[in-house]
Amino acid sequence: MTTHIRSTAAVRTPVLVAGAGVTGALTALELAHHGVPSTVVERSGGPSRFPDLQLVNGRSMELLRRLNLARRLRSDEVDPHRPVDVVLGREKTTVRLLPPATELEMSYAQSADGTAPLEPYLLIKGPDLIARLRQALHAHPLIDLRLRWTLTDMRSEPDGVAATVIDADTGRRHLVESAYLAGCDGTDSTVRRCAGLGLEPFGPPEAHFTVYFRSAALAGGRANPTVLITEDATVITGHDTDMCVAHLPLSADDQAGIGDPAGLLSSRLGLSADPPQIVAVVQRAGAPSIARSYRRDRVFLAGRAAHQPEAPRDDVDTSVGDAIALGWRLAAAIHGWGDDRLLDGYATERRRQAVLDHESDTRTDADRYDPAGTAGHRVPSFRLTGGEELLDRLGPQFTLADDTPGQYGWQLVTAARARGVPIRHLSVAGSPVPAAWPGRLVLIRPDQQVAWSADEPPADCDEVLDKVIGVRHRLYENT
Ligand SMILES: Cc1cc2nc3c(=O)[nH]c(=O)nc-3n(C[C@H](O)[C@H](O)[C@H](O)COP(=O)(O)OP(=O)(O)OC[C@H]3O[C@@H](n4cnc5c(N)ncnc54)[C@H](O)[C@@H]3O)c2cc1C
């Protein structure tokens with residue numbers, strides 16, 4: 001059948017977000033948190049039907065709490081009263097991977113040294129997570145979500161980006177003009193390809209099968225969400241009745257098995273007495289890789305478009321961090337107080353994080369922080385006098401937490417405001433700051449990271465702001 005594609009007038013938006021997976025949805029919601037409208041185009045009409053299990057760590061949940069999403073997502077979480085187990089090898093040694101989220105929450109609430117996150121991890125089925133995030137996109141007046149719209153092409157222009165998007169329902173081709181384009185369009189990113197941003201392999205290429213199947217034999221005996229790890233398979237079970245998700249590395253000798261996933265599974269998992277019922281199969285090939293650069297001109301990559309871990313490792317927390325980082329920095333550029341260096345900072349900082357996450361043997365869902373709280377790290381949280389959590393007092397803007405007796409941080413706050421930088425001057429004097437609190441004056445970024453700290457006001461406030469935000473801005477120079 002021939003599809004007739006007709007063109008229509010341009011859609012204009014400050015930021016075009018390609019993809020409404022976790023990364024694209026959160027990028028748009030973070031932009032909206034800073035008052036910046038966006039258009040989100042998403043190729044699919046609904047969330048994936050594959051019930052992947054997503055483990056979102058406590059730090060990511062803190063970031064989602066900023067966006068008022070944490071509680072909403074918890075209404076869909078896999079039973080938080082159950083722990084997560086790992087069963088190793090043919091000997092089936094059971095190891096507790098994570099205690100129940102509710103247990104962690106109670107222990108965090110008793111912690112006052114800044115080492116505990118405000119939120120425990122969240123275990124949630126991927127489709128439920130996406131459905132909730134898309135609900136939030138639909139509900140937000142600053143976000144224009146276009147489902148079944150596919151970005152097919154883009155070109156950089158001096159003042160923005162012009163993208164071609166096709167609406168699958170009408171067959172129309174739309175030109176979308178934006179100041180910035182966020183490529184959150186996943187593994188096979190069209191944005192990455194069109195921007196000519198290559199991937200750097202971080203290991204040998206590998207072929208890999210993900211099989212979704214039902215097996216009462218495998219799932220039945222498991223009271224808790226469980227990761228079964230054998231030499232030739234990783235299986236996740238216990239989160240959705242008898243549904244299981246198996247990740248199978250494939251060797252050249254396994255090619256015959258591709259046509260018979262049930263046989264392959266049975267032989268690897270010893271299920272011959274009770275053959276698995278296959279629901280879906282996804283085959284993937286390629287090396288774990290990270291984009292060589294996350295930025296070209298006004299085009300940015302985030303999430304799976306920028307980094308692809310080896311299966312079955314997941315990178316949802318790296319993706320959440322990307323989305324928040326990209327959102328606030330783009331908002332700063334659009335509002336006019338952030339300059340190019342701030343945007344470059346996104347690319348270098350987040351790429352470095354992806355490399356670190358790739359290299360770390362364990363996931364970053366450790367339930368405790370190193371509370372150092374130095375620049376570049378999450379600010380140690382504590383309860384303010386009055387009982388409110390510090391992190392809950394940090395809005396979308398910068399915050400100067402001031403523990404000096406005379407609120408001496410006012411000079412830095414005034415200098416920031418003169419540049420148009422939104423900043424709150426928050427007195428924490430008299431509050432029980434943790435031992436690891438980095439200084440009497442702590443400048444906190446919108447993503448809750450320490451930007452600068454000292455015990456005394458800086459001799460040159462502009463020097464600090466140049467370092468934190470970028471070179472002096474025109475708005476400042478004109479006043
Ligand atoms: C096949 C697969 C299996 C996964 N399994 C797991 C798992 O078991 N556990 C886990 O924790 N994580 C899993 N992940 C990762 C998980 O999805 C994470 O949330 C990821 O870190 C963040 O995804 P993302 O939003 O960057 O990309 P994706 O989740 O891939 O989302 C990209 C979105 O962009 C859309 N899109 C693509 N191209 C275009 C285009 N040209 N125009 C418009 N829209 C477009 C896609 O439809 C999709 O909705 C899996 C990812 C993939 C791709």
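For the structure, check the block above.
Caption draft 1: Fine view of the overall build of the chain. Looking only at helices and strands, one finds 15 helices and 24 strands in the chain. Relative to a compact globule of 479 residues, whose C-alpha radius of gyration would be 23 Å, the chain shows 24 Å and is just as compact. Across the 479 residues in the chain, those meeting the buried criterion constitute 42%. Relative to all contacts within the chain whose residues are 6 or more apart in sequence, the contacts with residues 24 or more apart total 71%.

Caption draft 2: Representation of the sheet that holds strand E24 (residues 450-454) within the structure. Strand order across the open sheet formed by four strands is E22-E21-E23-E24, with mixed pairing between neighbours. Two strands in the sheet have a free side with no partner beyond their single neighbour: strand E22 (423-427) and E24. Between one strand axis and the next, the sheet turns through 15° on average, direction left out of account. Pairing of strand E23 (residues 441-444) with E24 involves four bridges; the strand directions are antiparallel. Note that in E24 the partner of Val-442 across the bridge is Ser-453. Lying on the sheet, helix H13 (residues 410-418) is in contact with strand E21 (398-402) and E22; it crosses E22 at an angle near 165°.

Caption draft 3: Just the pairing of strand E6 (residues 122-125), in detail. Residues Leu-122 and Ile-124 point to one face of E6 and Leu-123 and Lys-125 to the other, with burial holding for every one of them. In this structure, strand E3 (residues 53-56) lies alongside E6, joined through four bridges in antiparallel fashion. Across the sheet, residue Leu-55 finds its bridge partner in E6, namely Leu-123.

Caption draft 4: Layout of helix H10 (residues 316-335). Taking 1.5 Å per residue, 20 residues should reach 28 Å; H10 reaches 28 Å between its end C-alpha atoms and fits that length. Among the 20 residues that make up H10, 18 are buried, leaving the element largely enclosed by the rest of the structure.

Caption draft 5: Summary view of the nonpolar core. Within the largest apolar cluster, 123 residues are counted, with the highest numbers of intra-cluster contacts made by Leu-181, Ala-182 and Val-191. Sort the elements by how many residues they give to this core and H10 lands first, with eleven residues. Each residue touching Val-191, except ones within four places of it in the same chain, is listed here: Ala-18, Leu-151, Met-154, Leu-181, Gly-183, Asp-185, Val-299, Leu-301 and Ala-305.

Caption draft 6: Unusual backbone geometry, seen in detail. Of note in the backbone geometry, Arg-148 takes a positive phi value of approximately 65° without being a glycine. For Arg-148, the location among the structural elements is in the loop between strand E7 (143-147) and strand E8 (149-157). Accessibility expressed as a C-beta count within 10 Å gives 15 for Arg-148, which makes it partly exposed. Located in the positive-phi region is Gln-407, a residue other than glycine, with phi close to 55°.

Caption draft 7: View of the sheet that holds strand E11 (residues 199-201). With antiparallel pairing, three strands are arranged side by side in an open sheet as E11-E17-E20. What marks the edges here is a single partner per strand, and that holds for E11 and strand E20 (307-308). The pairing of strand E17 (residues 289-291) with E20 spans two bridges and is antiparallel. Across the sheet, the residue bridging to Ser-289 is Gln-308, located in E20.

Caption draft 8: Structural view of H13. Buried within H13 are the following residues: Leu-412, Val-413 and Ala-416. Along H13, the residues classed as buried sweep out an arc of 100° about the axis, all on the same side. Seen from the open side of H13, the exposed residues pointing more than 90 degrees away from its buried face are Gln-411 and Thr-414. Residues of H13 that are buried make contact with E21, E22 and helix H14 (461-469). In the segment just after H13, Gly-420 is the residue with positive phi, at about 85°.

About the cut-offs
- Residues numbered from 1 in each chain as written.
- Predicted model: local features only at pLDDT ≥ 70, side-chain atom pairs only at ≥ 80, totals over all residues.
- Helix = DSSP H or I, 4+ residues; strand = E, 2+ residues; numbered from the N terminus.
- Rg over C-alpha atoms; globule rule 2.2 N^0.38 Å.
- Buried ≥ 20, exposed ≤ 12 C-beta atoms within 10 Å, placed from the backbone.
- Contact = placed C-beta atoms within 7 Å.
- Pairing = 2+ DSSP bridges.
- Axes fitted to C-alpha atoms, helices over the stretch in contact; angles between N-to-C directions.
- Expected span 1.5 Å × (residues − 1).
- Core = buried A, V, L, I, M, F, W, Y, C linked by C-beta atoms within 7 Å.
- Arc of directions from axis to C-beta.

None of this, on its own, says anything about what the molecule does.
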